[in-house]
Each structure stands twice: as structure tokens, then as C-alpha cells.
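Tertiary structure, described
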Amino acid sequence: TYGSPSSFAGRPDRSTMDSVQSIFLDLNQLIPIVNHWLHLLSAVIWIGGLAFIVMAVKPGLREAALPKEYVRPITDAFYKHYKRVAGILLVVLLFTGGINLHYVNQIFVSQTGQGMQNHPKYLWIFCIKLILVLCLLTLFLYTVIFKSDQDEEEEGENYESIPFQRAALWMGFFIILCAAAMKHLHQ
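Described below are features of the structure shown in this document. Numbering of residues starts from 1 in each chain and follows the order in which that chain's sequence is written. Where totals are concerned, whole chains, interfaces and linings use all residues; where local detail is concerned, this predicted model gives features only for residues with pLDDT of at least 70, and gives and counts side-chain atom pairs only at 80 or more. With hydrogens and water stripped out, all remaining heavy atoms of the structure feed into the side-chain values.

**A look at the overall build of the chain**
To qualify as a helix, a DSSP run of H or I must reach at least 4 residues; to qualify as a strand, a run of E must reach at least 2; elements of each kind are numbered from the N terminus. Counting its regular elements, the chain contains six helices and zero strands. Listed N to C, the secondary structure of the chain is α-α-α-α-α-α in terms of helices and strands. Burial classes: relative accessible area under 20% of the type maximum marks a residue as buried, over 50% as exposed, and values in between as partly exposed (1.4 Å probe, protein chains only). Expressed as a percentage of its 187 residues, the buried residues of the chain come to 33%. Within the chain, contacts between residues at least 6 apart in sequence are counted, and of these 74% link residues at least 24 apart. In short, Shrake-Rupley with a 1.4 Å probe defines the accessible areas, and a residue's cover is counted only from the protein chains shown. Carbon and sulfur atoms form 68% of the exposed surface of the chain, whose accessible area is close to 12100 Å². In this analysis, two residues are considered to be in contact whenever any of their non-hydrogen atoms come within 4.5 Å of each other.

What follows is the structure, encoded as C-alpha cells:
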């Protein structure tokens, strides 16, 4: 409360401490928070890595005026490391996304008495997001499975270590837009 001795000493009052403590002690709140954080963190790292490759690596190599025989090994080295991280992130995103869906459904039931299946706006945006995620997953798996089978003559300025990388980046941007819309539809 205002004017209590603890507020003047720079320490939070008892009610503030109790509310912060209750968040960390109540698993019904802590699990969804940590799960959503892991989901967002994974998405940021995945899309951020792709953005770095598209917006920094490729233009940087173009401006460096490297001989064509060096472009492919450099971009492949970047993608090799990104591919490992992205594969792990995909598993985390799919797992945490399913858990998030469960908790969002609980929120809908507690707020309206009806599950998510009775909220068409949310379902449409979720379906769009899911289609975009599946497209990104398909592009990722394409590069993992068929990358080594690509024609060795594809080099130089137009070589892409990640096929359709700009399209994948735009899909990632729209996935984040869908996630933002979904977050505001269940609050």
C-alpha cells in the first residue's frame, strides 16, 4: 500500500511478493508460461536465423565480390550449422505448439463455456498458421533430404544454400502475424 514503510525502503509490499510467488508456485500458471516462452523463443531463433542468412549472408557475399568457387562452400557452412539448430527447433515448435493449443482451449472454455471449436475466427487463423508451418516444414525437409542431390554446377551469385529462402522467410513473417492475431483472439 502507498505509504507503508516497505514501499519507502524500496522493497515491494507483501501483496506484491505474494502475487509473484503464487505465479512461480502454481504449476497451472507456470507450465503454460514456460511452454509459451519456449515456443516463442524457438520461433524467434528459427525465423531470425533464416532472416540473417537472407538479409546478411547472401548480400554480404555478393558485395564481397568473392570468386564463384568460394560462395558455395561459405553458404553451405552457414546452412550446415543453421540446419542442425532448425531441426531441433522444429521439434520444439511442434511439441510446444500442441501444448499451447491445449491451454488456449482451456482459456476459451473458462471464458465462454465453449471450446475452441466454437470460435471460427480463431480456427481460421490457426489453420492458416498451420498451413504456413507445414509449408516451411516441407521446405526444410526438402533441403535436408534433397540438398546433397542438387546439381553441382549451381554456383555463384544465384546459389541459395536454402532453396526458396525468401519465400520461407516471408512465410515465417506471416506465421508470426497469425500468432499475434491468435493471441489477441483468446484474451
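**Digging into helix H6 (residues 165-185)**
Expected helix span is taken as 1.5 Å per residue step, with the number of steps being one fewer than the number of residues. With 21 residues, H6 should reach 30 Å at 1.5 Å per residue; the first-to-last C-alpha distance of 30 Å fits that figure. When we look at burial in H6, the residues that qualify are Gln165, Ala168, Leu169, Met171, Gly172, Ile175, Cys178 and Met182. Where the residues of H6 are buried, they touch helix H3 (27-63) and helix H5 (120-146).

**Points about the nonpolar core**
Counting 22 residues, the largest nonpolar core has Trp46, Leu50, Tyr82, Leu136 and Leu169 as the members making the most contacts within it. At the level of secondary structure, the elements contributing two or more residues to this core comprise H3, helix H4 (68-112), H5 and H6. Membership of the second largest hydrophobic core comes to six residues, among which are Phe108, Met116, Tyr122 and Met182. Residues grouped as a nonpolar core are buried Ala, Val, Leu, Ile, Met, Phe, Trp, Tyr and Cys residues, joined through side-chain atoms within 4.5 Å.

**Details of the packing of aromatic side chains**
Aromatic rings considered in pairs are described by the distance between their centres and by the relative angle of their planes. Pairing of aromatic side chains requires ring centres within 6.5 Å, counting the rings of Phe and Tyr and the six-membered ring of Trp. Pairs whose planes differ by under 30 degrees are stacked, by over 60 edge-to-face, and all others tilted. If you walk through the whole model with that rule in mind, you get six aromatic pairs. Judged by centre distance (6.1 Å) and plane angle (40 degrees), the rings of Tyr79 and Tyr82 are tilted. Of the two residues, Tyr79 and Tyr82 both sit in helix H4, three residues apart, roughly one turn of that helix. Exposure class is identical for Tyr79 and Tyr82. Each is buried. Members of the aromatic cluster, joined through ring pairs, are Trp170, Phe173 and Phe174.

**Concerning the packing of H4 against H5**
Fitted lines through C-alpha atoms serve as axes, helices being fitted only where they are in contact, and the angles separating the N-to-C directions of these axes extend from 0 to 180 degrees. Where H4 contacts H5, the two axes come as close as 11 Å, and the packing angle between them is 160 degrees. Our classification of the angle between H4 and H5 gives roughly antiparallel. Here the hand of the crossing between H4 and H5 comes out left-handed. Counted together, Tyr79, Lys83, Ala86, Gly87, Leu90, Leu94, Leu101, Val104 and Phe108 of H4 and Tyr122, Phe126, Val133, Leu137, Phe140, Thr143 and Val144 of H5 form the full contact between these two elements. Basically, the charged four are Asp, Glu, Lys and Arg, the nonpolar ten are Ala, Val, Leu, Ile, Met, Phe, Trp, Tyr, Cys and Pro, and anything else, Gly included, counts as polar. In terms of residue class, the contact of H4 with H5 is built from 13 nonpolar, two polar and one charged. Each angle gets one of four labels, with under 35 degrees taken as roughly parallel, over 145 as roughly antiparallel, 65 to 115 as roughly perpendicular, and the rest as oblique. By the definition used in this description, the sense in which the near helix is turned from the far one sets the handedness, with an anticlockwise turn below a right angle giving left-handed and a clockwise turn giving right-handed.

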